[in-house]
Amino acid sequence: MSTTHQRFNTRAGRAFDVLNVVLLTGVGLLAILPFLYVLAGSFATELEITTRPFFVWPNEFTTASYASILSSDVFVRAFATTVAVTFVGTLVQLALTALMAYPLAKADLPGRRTILALVVFTMVFSAGMIPTFLVVKDLGLLDTYWALILPLAINPFSLIIIKNFFQQLPPELEESAKIDGANELQVLRHVILPLSKPVLATFALFYAVGIWNDYLSPLLYLSDTSKWTLQMILRQVTAAASLSADEMATDVPPPAQGIKFAVVIIATIPVLLAYPFLQKHFAKGMLIGSVKG
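Remember, predicted model here, so these are calculated numbers, not experimental data. (Residues numbered from 1 in each chain as written. Predicted model: local features only at pLDDT ≥ 70, side-chain atom pairs only at ≥ 80, totals over all residues. Heavy atoms only, no water.)

### What about the packing of aromatic side chains?
And then number 1: All told, the structure shown has twelve aromatic pairs when counted by the stated rule.
And then number 2: Summarising the aromatic geometry, the rings of Tyr102 and Phe166 are spaced 6.5 Å apart at their centres and angled 75° between planes, so their arrangement reads as edge-to-face. With Tyr102 in helix α5 (residues 73-104) and Phe166 in helix α8 (residues 156-168), this pair connects stretches of sequence that are 64 residues apart. One exposure class covers both Tyr102 and Phe166, and it is buried.
And then number 3: Ring geometry for Phe121 and Phe125: centres 4.9 Å apart, planes at 35°, overall tilted.
And then number 4: Among the aromatic side chains, those forming a connected cluster through ring pairs are Tyr37, Phe54, Phe55 and Phe261. (Phe/Tyr/Trp six-rings, centres within 6.5 Å; stacked < 30°, edge-to-face > 60°. Helix = DSSP H or I, 4+ residues; strand = E, 2+ residues; numbered from the N terminus. Buried < 20%, exposed > 50% of the residue type's maximum accessible area, 1.4 Å probe, protein only.)

In structure tokens, the structure reads:
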């Protein structure tokens, strides 16, 4: 038996393990209980929501809230808009970040230090809401979906991390590709990006979650309510004391409280479903694609 195993097999070591399990279980419950309450409330009746202060299992199941939401043209259009903006925005942000990170990973790039200094400067100092709004307005992006994508297309922190990852890749791979006649874009597409799946998948999730949960950009840049995203609908629903069928553009009268819970659940589920598909890249970490020997 090893010394390390003997040390953790003592009474103090077992007590430490039990304490860890208890504390981590408590933290896990604190994190999941609010979600379970909202999930249960989305299937509960209005009377139960108003009379029971907290529950994780409704006494009487009802799908009235979901029926009201799914029959609403406003909600369905906002959901489809958010899916499309998130998908396109994630692709655009990843593409622009990779295109900027790749040349900055070259030590012989002229002006590289100056550009990196400017990137770091933007991490500390930002222009602010009003100057950004004026730029978006002057570019003619107001009331367009590009206003939700382009102003935050390149995150400085993500850029630096991806740039550092590119620098760690063996330069011999690029040299061999160039010997075969590949140009810089071909090297990036066929050599660098396939070896960078873990870091790209990680930041793809960060970008997608950021776009999906963004409500400030639609609030600032979209005045046409028909272009509202899901987060704007969620904001309107949770801020209102009650919603009428006319406001939701549905024939099914929406429950006053249950619909709030249902909208929150529908807005949360896609993000939760996206993680398992990218989990293997998180598990493999940043070492994937390294060359041995």
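### Focus on the UniProt feature "transmembrane region" (unreviewed entry) in the chain
And then number 1: Those residues carrying the UniProt feature "transmembrane region" (unreviewed entry) are residues 21-44, 78-102, 114-133, 145-166, 187-212 and 258-278 in this numbering.
And then number 2: With 50% helix and 0% strand, the stretch residues 145-166 has end C-alpha atoms that lie 31 Å from each other. (UniProt positions renumbered as here; feature names shortened; annotations may be inferred.)

### Description of empty space enclosed by the protein
And then number 1: According to the stated counting rule, one finds one cavity of 30 Å³ or more in the structure shown.
And then number 2: Lining the largest cavity, in full, are Thr82, Val85, Leu148, Ile211, Asp214, Pro218 and Thr229.
And then number 3: Classifying every residue of the lining of the largest cavity gives four nonpolar, two polar and one charged. (1 Å grid on protein atoms, 1.4 Å probe; cavity = no way out; pocket = protein on both sides within 12 Å on 5 of 7 lines; lining within 4 Å. Points joined across faces, edges and corners; volume = space filled by probe spheres on them. Nonpolar A, V, L, I, M, F, W, Y, C, P; charged D, E, K, R; others polar.)

### A closer look at unusual backbone geometry
Glycine aside, the phi torsion of most residues is negative, and most peptide linkages are trans.
And then number 1: For Asp143, which is not glycine, the phi dihedral falls at a positive 65°.
And then number 2: Tracing the chain through its elements places Asp143 in the loop between α7 (129-138) and α8.
And then number 3: Take Asp143: its relative accessible area is 22%, and that puts it in the partly exposed class.

### Considerations on the pattern of salt bridges
And then number 1: Tallied over the entire structure, the rule returns three salt bridges.
And then number 2: Of the charged contacts in the structure, one is a salt bridge between Arg52 and Glu48, with a shortest N-O distance of 2.4 Å.
And then number 3: The exposure class assigned to Arg52 is partly exposed, which follows from its relative accessible area of 24%.
And then number 4: We classify Glu48 as buried; its relative accessible area is 6%. (Salt bridge = Lys/Arg side-chain N within 4 Å of Asp/Glu carboxyl O.)

### Points about the environment of Leu94
And then number 1: Topologically, Leu94 is positioned in helix α5.
And then number 2: Put simply, Leu94 and Asn155 are 61 residues apart on the chain and 9.7 Å apart in space, counted from C-alpha to C-alpha.

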